[in-house]
Structures are given as structure tokens and as C-alpha cells.
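# Commentary on secondary and tertiary structure
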Amino acid sequence: MKRALSIIAIVFVFIAIFLGFRYYQDTYQSTEAYTMIPEKVPPKVQTKDDSAKVIVGSYSYNYKFKFVTKSGKEQTMKYELNGENVKPFKPGAYAKAEISKTRINKGPNYVNKNEVPSKALEKLN
């Protein structure tokens, strides 16, 4: 009986480690990706929290970016730019971000067109 419980406990530990590692990879393991800011600026709306309550004094621009990695892999992600005195991104500009499979971990920050790798630039235009 003790042996069976020990084996079950070991299996649970391995499953937990595997799932934790997979979650970490999907959420935090980032790759460098590039995007071109859309020409159409999204409407400025009041910022809402996770429970859909309006945050007084805060406004947002909700973007949908098509990111392209250095290798040419494409990934579409949503991004909310918010704050009290928020200004939209400059339309047509290029930006770089660190993205994972599920979210944007760092950025997006403006870059010059000549800093964008050729494979990414080809797919963005």
C-alpha cells in the first residue's frame, strides 16, 4: 500500500513539473518580434478592469498587431495602450517587442525600418 501511494505521489510530482514547465515556456519564454503600427488609429475608449468596471481618468487604445519574428513566423496579438494622458502609436511606424505564445512580455517600442530583419520586413509590407 505504501509503495503504491509513493508511486502515485511521484507520478503527480512529475506531472506538476511538466505542466509548470510548459506553462512557463508558453507564457514567459520570449522571442524578438517586429510589427508595423496600423494606419488606422483605434478609437480612444475609457479603460475597463477585468470585471468590466470603468477606471476613472484612464483611457485606452486597443490595438491588434501582426508580429513577425526574425525567422518569419507570424503571430497576431491584442495590445491595450492605456493611461491618463495616453497617446496612440504613430501610424505606419515600426516597433519591436518580446513576445511569447500567449502575451507580449516587453514592448512594443519604436525601431527604425533599417533595424527590422529582412524576413520580417518582407512579411510586414
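A brief look at the structure comes next.

### Focus on unusual backbone geometry
Between Gly-107 and the following residue, Pro-108, the backbone shows a cis peptide bond with an omega angle of 5°. Tracing the backbone through its elements, the reader meets Pro-108 in strand 6 (residues 104-111).

### What about the packing of aromatic side chains?
All told, the structure shown has 9 aromatic pairs when counted by the stated rule. Centroid distance Tyr-24 to Tyr-28: 5.8 Å. Interplanar angle 35°. Geometry classified as tilted. Of this pair, Tyr-24 and Tyr-28 both sit in helix 1 (residues 2-28), separated by 4 residues, roughly a single helical turn. For the ring pair Tyr-63 and Phe-65, a centre distance of 5.3 Å and an interplane angle of 10° mean the geometry is stacked. Classification of Tyr-63 by relative accessible area gives buried; the value is 3%. On the basis of relative accessible area, Phe-65 is assigned to the buried category, the value being 1%. Through successive ring pairs, a cluster of aromatic residues spans Tyr-63, Phe-65, Phe-67, Tyr-79, Phe-89 and Tyr-110. One residue, Lys-44, lies across the ring of Tyr-59, its end atom 5.1 Å from the ring centre.

### Some words on the side chain of Gln-75
Here Gln-75 lies in strand 4 (residues 74-83). Judged by its relative accessible area of 19%, Gln-75 is buried. Among the polar contacts listed, one links the side chain of Gln-75 to the backbone oxygen of Lys-101, at a separation of 3.1 Å. Setting aside residues no more than four positions away along its own chain, Gln-75 makes contact with Phe-65, Lys-66, Phe-67, Ile-99, Ser-100, Lys-101 and Thr-102.

The rules we used
- Residues numbered from 1 in each chain as written.
- Predicted model: local features only at pLDDT ≥ 70, side-chain atom pairs only at ≥ 80, totals over all residues.
- Heavy atoms only, no water.
- Helix = DSSP H or I, 4+ residues; strand = E, 2+ residues; numbered from the N terminus.
- Phe/Tyr/Trp six-rings, centres within 6.5 Å; stacked < 30°, edge-to-face > 60°.
- Buried < 20%, exposed > 50% of the residue type's maximum accessible area, 1.4 Å probe, protein only.
- Lys NZ or Arg CZ within 6 Å of the ring centre and 35° of its normal.
- Polar contact = N/O pair within 3.5 Å; in protein donor to acceptor, adjacent residues only side chain to side chain.
- Contact = heavy atoms within 4.5 Å.

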